[in-house]
Amino acid sequence: MNYKYKGAEALVLLHEEKILSFVEVWKTAKQAHLILPATDDSDYKSLNHLLRHVVRSSRGYMVWICKKLNLHEPKISIQPSVNEIEIAIDEYVAHLLERWEIPLVKVDEKDLVYSTYSSNLGTDYCIEAMLEHAVMHPIRHEFQLRQLLKNS
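Residues numbered from 1 in each chain as written. Predicted model: local features only at pLDDT ≥ 70, side-chain atom pairs only at ≥ 80, totals over all residues. Heavy atoms only, no water.

**Examining the overall build of the protein**
The number of helices and strands found in the protein is 5 helices and 2 strands. For the protein, the N- to C-terminal ordering of α and β elements is α-α-α-α-β-β-α. The C-alpha atoms of the protein give a radius of gyration of 16 Å, which matches the 15 Å a tight globule of 152 residues would have. A principal-axis box enclosing the C-alpha atoms of the protein has dimensions of 45 × 30 × 25 Å. When contacts within the protein are restricted to residue pairs at least 6 apart in sequence, long-range pairs at least 24 apart make up 70% of them. In the structure as shown, the protein presents an accessible area of about 8600 Å², 51% of it carried by carbon and sulfur atoms. Both charge centroids of the protein, one from 18 positive and one from 21 negative side chains, sit 3 Å from each other. (Helix = DSSP H or I, 4+ residues; strand = E, 2+ residues; numbered from the N terminus. Rg over C-alpha atoms; globule rule 2.2 N^0.38 Å. Contact = heavy atoms within 4.5 Å. Areas by Shrake-Rupley, 256 points an atom, 1.4 Å probe, with all protein chains shown as cover. Lys, Arg positive; Asp, Glu negative; His and termini not counted. Charge placed at Lys NZ, Arg CZ, Asp CG, Glu CD.)

This is how it looks when you write it as C-alpha cells:
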C-alpha cells in the first residue's frame, strides 16, 4: 500500500512482523508444554489466554485509533475464545493483519503526531505512540516466553 505518512506504514509493517514472530514463539512454547508462572492476572492463566490477550490487544489498538481519528470501524473480528484460539490463530492473525493495513493509508503525519487522546486505561497517547505501543506489546510477550523457555 502507498501510505501518505511513511511513519505509519513503517509501524503497521513492524506490527505485522512482531505479531507473526510472537505467534511462532508461542507455538514453540505450546509444543514444549510451557507452563506460565502462577499469577492473579487472567491474561496469564495459560498460553491460550496469553495468545488471546496479545491478539485482542492488537485489535483494540486499531479500533481505538480509528475511533480517535474518526475513521471507519476497521471491521476486525472479535478474537476467538480461549478454547478456540489455538486452532484458529493462523486464520485470525491473517485477518487481523489484513484489517490493520487499511485504516491509516491516507492519514497525514499531523493527525498521528500532534494531538493526544486518552487511552482506555487513562494514559494520554498520540496516535503514533499508540502504534509504537502496539509494536512493542507482542515483542514484550515474545521476550517473556523466550526467557521462560530458556529457563525451563
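**With respect to the environment of A129**
Mapped onto the elements of the fold, A129 is located in helix 5 (residues 127–150). Distance from A129 to L112, taken between C-alpha atoms, is 8.4 Å for residues 17 residues apart in sequence.

**Examining the nonpolar core**
Counting 44 residues, the largest nonpolar core has I65, W100, L104 and L145 as its most contacted members. Of all elements in the fold, only helix 1 (6–31), helix 2 (47–68), helix 3 (85–100) and helix 5 reach the threshold of two or more residues within this core. Element by element, the count of residues in this core is highest for helix 2, at 10 residues. When near neighbours in sequence (up to four residues on either side) are disregarded, L145 contacts F22, V25, W26, A29, L34, L36, L47 and L50. (Core = buried A, V, L, I, M, F, W, Y, C linked by side-chain atoms within 4.5 Å. Buried < 20%, exposed > 50% of the residue type's maximum accessible area, 1.4 Å probe, protein only.)

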